[in-house]
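Summary of structural features
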Amino acid sequence: MKSAVETLNPTRVRLTVEVPFEELKDSLDAAYKKINQQVTVKGFRKGKIPARVIDQRFGRGAVLEEAVNDALPKFYTEAVNEAELNVLGQPEVDITELKDNETLNFTAEVDVRPTIEIPDYSGIEVEVDAVEVSDEDVDKAVEELRGRFASTSPVERAAEDGDVVTIDLEAKVDGEVLEDGVAKDVSYTIGSGELLEGIDDAVKGLEAGGEATFTSELKGGSAAGKESEVTVKVTQVAKRELPELDDDFAQLASEFDTLDELKADSRKRLENMKQFDQATQAQERVLEKLLELVEVPVPEKLLADEIQTRKHNLVNHQLGQMGLDLAKYLEIQGKTEEEFDAETKEQAEKGIKTQFVLDELVNKEKLNVNQEELTEHLMRRAQSSGMSPDQFAQAVVEGGQVPMLVGEVARGKALAVVVEAATVKDTKGEVIDLSDGDEDEADDSAEAAADADASGEEKTEA
């Protein structure tokens, strides 16, 4: 077999392959054997029909077609390996010449990973938010905790802001009660904004046994997005009572003996959260700067496929679960379809560029992923998916997604290397040291930046 490579552009090549006919022997034998098992000829046992009889009865062309279909993937792979190409996706194959007992010639056009030059990234500088926790932040956190320990007691008066009411709901669209539009004994805190728009005004002022009707746009269910006439009946009004903010509350709500200790712990927790947010912000901004330094051509077909995958996942999974279609989603977001398409293209392009650049960094820095790192990443992914680690691991193995997870971890490590080399300052001018930060954060940040789901990842793997 002979092969040659022609570069069509920085992300696409054409392979020209010439195969001597004798190299098709194994595929021809396999073709005769396959046809033998599929046909019957009077006078011959199944599977024992001579090749010449198959040629006479069914045509040599049928055998050649079967043999070529069997052989092409093997010869294409050999040509790719010989040229040391890092291919993306499936090739477009064209058989240019097929002469029986002489030769098989074909071409294959395929996208390839572009050659990327990673410049010196040690000079990257970014600014992030300073970690600041005010007394008001601490008071708000303690107040939220206090709310979780609130008690309720029924009252015989009209409902007011902050009360907890027990209600029955009935929703009609075009005068018809919806099958999924009836709910009984729903507990609702007035002013929480957790149910339908307009319900607060409807129930305020009602006593137990009172009812009101209001119009609201349904958020979910079979008639999501439609205007509905909603009847609400109050069956109970209860006053919400908060515990006193004192040492007794601290002992009730935490492991601490005093309110001051509880507040100090709340401050520390808030500081840790803001430090995590600061580290994530640093990683995102360093990545943005890195992408600005590198020229990354993006294969057109790969980009088109990624855009289609993102739109499909949004429409058929995310919006489908919320009972919305794309038109309603765009209306809620206040975007035109053209603006949505432009944003999706920009996000897809950034995701592909991020993956290419970080993968190149993995190679340049000779980064490896060990079993412990892979296991830790798998545990985090399992937790975010709502599956047990064993279930998630089994799904990953059965779906052939182990290389995808290895790639995610490696890209996270590559981003961590760049962040460590960068200068990160907060808005106060203080230099932030992220060298001892949790690599898990970089791992998750790289994954989020690329925003590559399993299907998109498979497309861009060589």
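All figures in this text were calculated on a predicted structure; none of them were measured in a lab.

1. Describing the overall build of the protein
- Helix and strand counts for the protein stand at 15 helices and 11 strands.
- Against the globule reference of 23 Å for 462 residues, the protein gives a C-alpha radius of gyration of 32 Å, more extended than a compact globule.
- Taking the principal axes of the C-alpha coordinates as reference, the protein spans close to 100 × 65 × 45 Å.
- Residues counted as buried form 39% of the 462 residues belonging to the protein.
- Counted over contacts in the protein with a minimum sequence separation of 6, partners at least 24 positions apart contribute 69%.
- Just so you have it, the protein exposes about 26,400 Å², and 45% of that area is on carbon and sulfur atoms.
- Each charge class in the protein can be summarised by its mean position, and for the 52 positive and 106 negative side chains these summaries are 8 Å apart.

2. Quick word on the packing of helix H7 (residues 259–293) against helix H13 (residues 402–421)
- Packing of H7 against H13 leaves a shortest axis separation of 10 Å and a crossing angle of 90 degrees. One way to sum up the angle between H7 and H13 is to call them roughly perpendicular. Residues Gln 283, Val 286, Leu 287 and Leu 290 of H7 lie in contact with H13, whose contacting residues are Leu 415, Val 418 and Val 419.
- Along the lines of polarity and charge, the residues of the contact of H7 with H13 split into 6 nonpolar, 1 polar and no charged.

3. Here we look at the confidence of the model for the protein
- A residue-level look at the protein finds 94% of positions with pLDDT of 70 or above and a mean pLDDT of 89.
- In this model residues 450–462 is a low-confidence stretch, pLDDT under 50, and it forms 35 contacts with partners more than four residues away in sequence or in other chains.

4. Quick notes on a nonpolar patch on the surface
- A cluster of nonpolar side chains, namely Val 93, Ile 95 and Leu 98, defines an oily patch on the protein surface of about 210 Å² accessible area.
- The residue Ile 95 is located in strand S3 (residues 87–99) in this model.
- The partly exposed category is assigned to Ile 95, whose relative accessible area is 37%.

5. Re a negative patch on the surface
- A surface patch of negative charge is lined by Asp 247, Asp 248, Asp 257, Asp 260 and Glu 261.
- At the level of elements, helix H6 (247–253) and H7 are the ones that each hand at least two residues to the negative patch.
- Of note, Asp 248 is situated in helix H6.
- Classification of Asp 248 by relative accessible area gives exposed; the value is 55%.

6. Comments concerning the sheet that holds strand S1 (residues 2–9)
- Ordered by their spatial adjacency, 4 strands build an open sheet running S1-S2-S4-S3, and the pairing between neighbours is antiparallel. Of all the strands in the sheet, just S1 and S3 have a single pairing partner and so form its edges. Sheet twist, expressed as the average angle between the axes of neighbouring strands with direction ignored, equals 20 degrees.
- Looking at chain direction, strand S2 (residues 12–20) and strand S4 (residues 103–112) are connected through 9 bridges and run antiparallel. From the neighbouring strand, Glu 18 faces S4, where its bridge partner is Asn 105.
- Together, S1, S2, S3 and S4 form the strand contacts of helix H3 (residues 60–83), whose direction differs from that of S3 by roughly 125 degrees.

About the criteria used
Residues numbered from 1 in each chain as written. Predicted model: local features only at pLDDT ≥ 70, side-chain atom pairs only at ≥ 80, totals over all residues. Heavy atoms only, no water. Helix = DSSP H or I, 4+ residues; strand = E, 2+ residues; numbered from the N terminus. Rg over C-alpha atoms; globule rule 2.2 N^0.38 Å. Buried < 20%, exposed > 50% of the residue type's maximum accessible area, 1.4 Å probe, protein only. Contact = heavy atoms within 4.5 Å. Areas by Shrake-Rupley, 256 points an atom, 1.4 Å probe, with all protein chains shown as cover. Lys, Arg positive; Asp, Glu negative; His and termini not counted. Charge placed at Lys NZ, Arg CZ, Asp CG, Glu CD. Axes fitted to C-alpha atoms, helices over the stretch in contact; angles between N-to-C directions. Parallel < 35°, antiparallel > 145°, perpendicular 65-115°, else oblique. Nonpolar A, V, L, I, M, F, W, Y, C, P; charged D, E, K, R; others polar. pLDDT = per-residue confidence, 0-100. Patch = residues over 30% accessible without salt bridge, like charges linked within 9 Å, V, L, I, M, F, W, Y side chains within 5 Å. Salt bridge = Lys/Arg side-chain N within 4 Å of Asp/Glu carboxyl O. Pairing = 2+ DSSP bridges.

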